[in-house]
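The primary structure of each chain is shown beneath.
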Amino acid sequence: MRPAPVSRRARPSKAPLSREVIIDTGLRVLDAEGLAALTMRRVAQELDTGAASLYVYVANRDDLMAAMLDHVLGSVAEPDDGIWRERLIAVIESTVAVMSRHEGLAFVALAATPTGANALRLIDRMRGLLADAGVDERTVDWAVELLYLHITAAAAEQSADHAARAPESGTRRLGQAEPVADRVPVTAPVRRSGDGDTRATWAVRALIDGILATPAR
């Protein structure tokens, strides 16, 4: 005997769709199931709606991922204490950390010019800290590009390591790639011989020292 159909009025009401709700749901799918599972159809399924409904708020998957990246960048810590160098290093390290927590978002940053409100605020923050150090305007322009490239590359590396070391689950796809260190034999001995955090801090210091010593001409 078939169960009696459930009236739509008896079902729990769905949360209204919005760009923010779609972004949050996309991040949940990404973190739980991985980059390959993040599709408009999968996000729509999570929201109990059709994929066509999402296109009112996001243009496509690329637009969704760019919005997810900018949302994540909104959680970057921006310390007000300390000298400009300490604050700049803290901003860079915080950006790498928040970007690397979500698989694939660093590659979005690598592939596109930052245009989101949080990304632009981050860039303005780095510009201001370099200006506080007395760096001239043209050098600041080039320096911010260099620092942002470092941030995205470092986050992509860390994100790949996180994904490779993540425990398998029913929702994660099989066949995780081996850790980056195992796939890059030239750098693997260096990375394994020292503290990763120390190496990362050294890289940022080397970039900042190089920027100060090399004005753009």
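Above: the structure in question.
Presented here is an overview of the structure given in this document. (Residues numbered from 1 in each chain as written. Predicted model: local features only at pLDDT ≥ 70, side-chain atom pairs only at ≥ 80, totals over all residues. Heavy atoms only, no water.)

Once that is clear, we can look at the overall build of the protein. Each helix and strand counted, the protein has 11 helices and 0 strands in total. Scanning the protein from its N terminus toward the C terminus, one meets helices and strands in the order α-α-α-α-α-α-α-α-α-α-α. Of all 217 residues assigned to the protein, the portion counted as buried reaches 38%. (Helix = DSSP H or I, 4+ residues; strand = E, 2+ residues; numbered from the N terminus. Buried < 20%, exposed > 50% of the residue type's maximum accessible area, 1.4 Å probe, protein only.)

With that settled, the discussion passes to the nonpolar core. Within the largest apolar cluster, 52 residues are counted, with the highest numbers of intra-cluster contacts made by Leu88, Met126 and Leu130. Per-element tally for this core: the top contributor is helix H8 (residues 137-165), with 9 residues. Residues in contact with methionine 126, not counting those within four places in the same chain, are Leu88, Val91, Ile92, Val144, Leu147 and Ile151. (Core = buried A, V, L, I, M, F, W, Y, C linked by side-chain atoms within 4.5 Å. Contact = heavy atoms within 4.5 Å.)

Here helix H7 (residues 117-132) contains 16 residues, and its C-alpha end-to-end distance of 22 Å stays within 8% of the 22 Å for a straight helix at 1.5 Å per residue. Turning to H7, its buried residues number three or more, namely Asn118, Ala119, Leu122, Ile123, Arg125, Met126, Leu129 and Leu130. Angular distribution of buried residues about the axis of H7 spans 155°; they occupy a single face of the element. Across from the buried face of H7, at angles greater than 90 degrees, the exposed residues are Ala117, Asp124 and Asp132. Among the residues trailing H7, glycine 134 stands out with phi positive, at a value near 90°. (Expected span 1.5 Å × (residues − 1). Arc of directions from axis to C-beta.)

Turning our eyes to something else, we now look at the side chain of aspartate 70. In this fold, aspartate 70 is placed in helix H4 (residues 61-73). It is arginine 121 that comes nearest to the buried, bridge-free aspartate 70 among opposite-charge side chains, at 6.7 Å. When residues no more than four places from it in sequence are discounted, the contact partners of aspartate 70 are Gly116, Ala117, Asn118 and Ala119. (Lys, Arg positive; Asp, Glu negative; His and termini not counted. Salt bridge = Lys/Arg side-chain N within 4 Å of Asp/Glu carboxyl O.)

This structure, assessed with the given rule, holds 8 salt bridges. One salt bridge connects aspartate 209 with arginine 85, and the closest N-O pair in it is separated by 2.8 Å. You can see aspartate 209 sitting in helix H11 (residues 196-213) and its partner arginine 85 sitting in helix H5 (residues 84-100), a full 124 residues away along the chain. Note that glutamate 157 is salt-bridged to arginine 199, the shortest N-O span being 3.6 Å. Of the two residues, glutamate 157 sits in helix H8 while arginine 199 sits in helix H11, which places them 42 residues apart along the sequence. A residue is classified by how much of its surface remains accessible, and glutamate 157, at 23% relative accessible area, is partly exposed. Since its relative accessible area comes to 35%, arginine 199 is described here as partly exposed. Residues joined by salt bridges that share partners form a network here, namely Glu33, Arg42 and Glu46.

This part is about H5. For H5, with 17 residues, the first-to-last C-alpha span of 24 Å sits near the 24 Å given by 1.5 Å per residue. A large share of H5 lies buried, amounting to 12 of its 17 residues. Among the residues of H5, Trp84, Arg87, Leu88, Ile89, Val91, Ile92, Ser94, Thr95, Val96, Val98, Met99 and Ser100 are the ones counted as buried.

Moving on: the environment of valine 72. The topology assignment puts valine 72 in helix H4. Along the backbone, valine 72 and isoleucine 23 are 49 residues apart, and their C-alpha atoms lie at a distance of 9.9 Å. With sequence-adjacent residues up to four places away left out, valine 72 is seen in contact with Leu27, Val98, Met99, His102 and Leu105.

Below, the discussion takes up the packing of H4 against H7. Orientation of H4 relative to H7, taken along the N-to-C sense of each, is 45°, at an axis distance of 7 Å. Taken together, the axes of H4 and H7 lie oblique to each other. Judged by the twist between their axes, the crossing of H4 over H7 is left-handed. Here Asp70, His71 and Leu73 of H4 lie close against H7, whose contacting residues are Ala117, Asn118, Ala119 and Leu122. (Axes fitted to C-alpha atoms, helices over the stretch in contact; angles between N-to-C directions. Parallel < 35°, antiparallel > 145°, perpendicular 65-115°, else oblique. Left-handed = near helix turned anticlockwise from the far one by under 90°.)

Here we come to a nonpolar patch on the surface. On the surface, a nonpolar cluster with roughly 290 Å² of combined accessible area is contributed by Phe107, Leu110 and Leu149. With respect to the helices and strands, the residue leucine 110 is situated in helix H6 (residues 105-111). Of the residues examined, leucine 110 reaches a relative accessible area of 40% and is grouped as partly exposed. (Patch = residues over 30% accessible without salt bridge, like charges linked within 9 Å, V, L, I, M, F, W, Y side chains within 5 Å. Areas by Shrake-Rupley, 256 points an atom, 1.4 Å probe, with all protein chains shown as cover.)

These results come straight from atomic positions and should not be treated as a statement about function.
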